[in-house]
Amino acid sequence: MSNEIIFIIGGARSGKSSFALNEASNIKGQKAYIATAEALDDEMRERIEKHKKARGNDWNTYEEPVKISDVLSDIKNKYSIIVIDCLTIWLSNILHRAQNTPNSCAMGQAEHHEKLPKNYVSGQVRNGAGRTQTTKARTQSTEFSSQIIEDNIKQFIDVLKDFLVCSLGSGPACPVGRFCSLFVVSNEVGMGIVPDNELAREFRDWAGFLNQKVAETADEVYLVTAGIPVKIKNKK
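As the structure is a prediction and not an experimental result, all values here were calculated from the model. (Residues numbered from 1 in each chain as written. Predicted model: local features only at pLDDT ≥ 70, side-chain atom pairs only at ≥ 80, totals over all residues. Heavy atoms only, no water.)

Side note on unusual backbone geometry
Point 1. Cis geometry is found at the peptide bond from D85 to C86, where omega equals -5°.
Point 2. Within the fold, C86 resides in the loop between β4 (81-85) and α4 (87-99).
Point 3. Within the chain, R13 stands out as a residue other than glycine whose phi angle is a positive 60°.
Point 4. Summarising the element assignment, R13 is placed in the loop between β1 (4-10) and α1 (16-25).
Point 5. At A226, a residue that is not glycine, the phi angle is positive and equals roughly 55°.
Point 6. When you line up the elements, A226 lands in the loop between β9 (220-225) and β10 (228-233).
Point 7. Classification of A226 by relative accessible area gives exposed; the value is 69%. (Helix = DSSP H or I, 4+ residues; strand = E, 2+ residues; numbered from the N terminus. Buried < 20%, exposed > 50% of the residue type's maximum accessible area, 1.4 Å probe, protein only.)

Right, dumping it as structure tokens:
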């Protein structure tokens, strides 16, 4: 036996989370659930509590909106089954925080707001012809947030690869004889129309990049549509 990663992807309400839990529940051993959703309103709190009750007492739940790489590194040797649900919300959490993280560019922009041209609006300048030009400040801010997202994705993929290396107890922190099945759930967001705003397009692009990296690393990949799982990658 060895550690394994099963990646499960599908659209909203496709049944991907239910499939992941059903598959994971069939495996004996201690179970952990890493939840990335945040209870930001009453509806979301109610939804989270409903999911906890559905999982039952067999699962230990770790609620972490951003630092799932750290959580996975900490618990990977303690459980036989781990489910991460889901990567799309995790990515959204990172993107939101990155967009709202002050950097030297944004701080300087705020400090010298009174020096900006009168036709400056939301990081853009309208020229005499009425056309919109992206300012250097906005470009630097976008690059700043992109770097945060890229760093988080790289860290997560590195942790997944380390998880697989531990299969044979080949690392100093890898216990011999303990194996774990990791189920990773994510949304497929690239099958619809092109989003009509920059932030949504950026999110879609990063989600596609993340899903490709995880699928490349995983042992098995399932695409779930209308509650029906289709295996699209088999173990090598």
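Observations regarding helix α3 (residues 68-75)
Point 1. What α3 keeps buried is the set I68, S69, V71, L72 and I75. End-on, the buried residues of α3 take up no more than an arc of 160°, which puts them together on one face. (Arc of directions from axis to C-beta.)

Focus on the pairing of β10
Point 1. In terms of strand pairing, β9 meets β10 through five bridges, oriented antiparallel. Paired with V221 across the strands is K233, a residue of β10.
Point 2. The turn joining β9 and β10, which pair antiparallel and follow one another in sequence, is formed by two residues; a positive phi near 55° is taken by A226. (Pairing = 2+ DSSP bridges.)

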